[in-house]
Amino acid sequence: AIILVDARGFKAPRGQRPPARDHIGTYYNNLCDLVSHRDFATVWSRVTWHLSDALSRASPTSPVVVAFYCKSGKHRSVGLAWALTKILRERDWNVELRHTMREYWHIGSCRECAECARDTDEKLALLEDIHLQPGLLPEAGGP
């Protein structure tokens, strides 16, 4: 199963600071802006619902792919993929994270500097604001 998630709608509303373009989506300010975006809860609910549905239909050995995409593959999709990966790993899921646009991160960004690569307590605390409905996803290890 492949779940495609369009992250292009997460643009900064007028008056809100623009994303830190010189960093990727795992930069703290970029993550903070993403999870506090007015459309985040709706998109996140859809992602987890589709993931739960796909997992319930897949065999335990079949991979389920969640592919986030945006305009350049450096900010919005990277932040969403990071958040989902961290949350699923926290729940003991075997998750592989791949950034297909990583080779282009050097164009106009930090190319994953130490600040973007490090999982700080501040970044991980943002995940506490992302609530999965109890029982939404099957337990790790199979549907």
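Each value, and the rule that gives it
Residues numbered from 1 in each chain as written. Predicted model: local features only at pLDDT ≥ 70, side-chain atom pairs only at ≥ 80, totals over all residues. Heavy atoms only, no water. Phe/Tyr/Trp six-rings, centres within 6.5 Å; stacked < 30°, edge-to-face > 60°. Helix = DSSP H or I, 4+ residues; strand = E, 2+ residues; numbered from the N terminus. Buried < 20%, exposed > 50% of the residue type's maximum accessible area, 1.4 Å probe, protein only. Patch = residues over 30% accessible without salt bridge, like charges linked within 9 Å, V, L, I, M, F, W, Y side chains within 5 Å. Areas by Shrake-Rupley, 256 points an atom, 1.4 Å probe, with all protein chains shown as cover. Salt bridge = Lys/Arg side-chain N within 4 Å of Asp/Glu carboxyl O. Expected span 1.5 Å × (residues − 1). Contact = heavy atoms within 4.5 Å. pLDDT = per-residue confidence, 0-100.

A word on the packing of aromatic side chains
All chains considered together, the criterion is met by 1 aromatic pair. Relative to tryptophan 44, the ring of phenylalanine 40 has its centre 5.3 Å away and its plane inclined at 20°; by these criteria the two rings are stacked. One end of the pair is phenylalanine 40 and the other is tryptophan 44, both in helix α2 (residues 40-57) and 4 residues apart, which spans about a single turn. Accessibility classification places phenylalanine 40 together with tryptophan 44 in one group, the buried group.

Points about a nonpolar patch on the surface
On the surface, a nonpolar cluster with roughly 410 Å² of combined accessible area is contributed by Ile2, Leu4, Val65 and Tyr69. Taken together, the elements giving at least two residues each to the nonpolar patch come down to β1 (2-6) and β2 (65-69). Within the secondary structure, valine 65 sits in strand β2.

Remarks on helix α3 (residues 76-90)
Between its first and last C-alpha, α3 extends 21 Å over 15 residues, near the 21 Å set by a 1.5 Å rise per residue. Of all 15 residues in α3, 13 are buried, a share of seventy percent or more. Following α3 by one or two positions, aspartate 92 adopts a phi angle in the positive range, close to 70°.

Some thoughts on the environment of alanine 1
Along the chain, alanine 1 turns up in the segment before β1. Residue classification places alanine 1 among the exposed residues on the basis of a relative accessible area of 54%. Between the C-alpha atom of alanine 1 and that of valine 64, which follows or precedes it by 63 residues, the distance is 5.0 Å. Excluding residues within four positions of it along the chain, alanine 1 makes contact with Ala54, Pro63, Val64 and Val65.

Topic: unusual backbone geometry
In most cases, non-glycine residues show a negative phi, while peptide bonds are predominantly trans. Look at arginine 111: it is not a glycine, yet its phi comes out positive at around 60°. Judged by relative accessible area, arginine 111 falls into the partly exposed class, the value being 49%. At glutamate 112, a position not held by glycine, the phi torsion is positive, near 65°. You can see glutamate 112 is positioned in the loop between α3 and α4 (114-117). Given the relative accessible area of 30%, glutamate 112 is considered partly exposed.

Some thoughts on the confidence of the model for the chain
On average, residues of the chain score 85 in pLDDT, and 85% of them reach the 70 mark or higher. Taken element by element, the predicted model of the chain shows its lowest mean pLDDT in α2 (89) and its highest in β2 (95).

Digging into the pattern of salt bridges
When the charged atoms of two side chains lie near each other, side chains of opposite charge can form a pair. With the rule as written, the count across this model stands at 6 salt bridges. A salt bridge links aspartate 119 to lysine 86; the shortest N-O distance between them is 2.4 Å. Highlighted residues: aspartate 119 in the loop between α4 and α5 (121-127) and lysine 86 in helix α3, separated in sequence by 33 residues. According to the relative accessible area criterion, aspartate 119 is partly exposed, its value standing at 32%. Taking the shortest distance from any N to any O, the salt bridge between glutamate 90 and arginine 91 comes out at 3.5 Å. Note on arginine 91: relative accessible area 36%, which makes it partly exposed.

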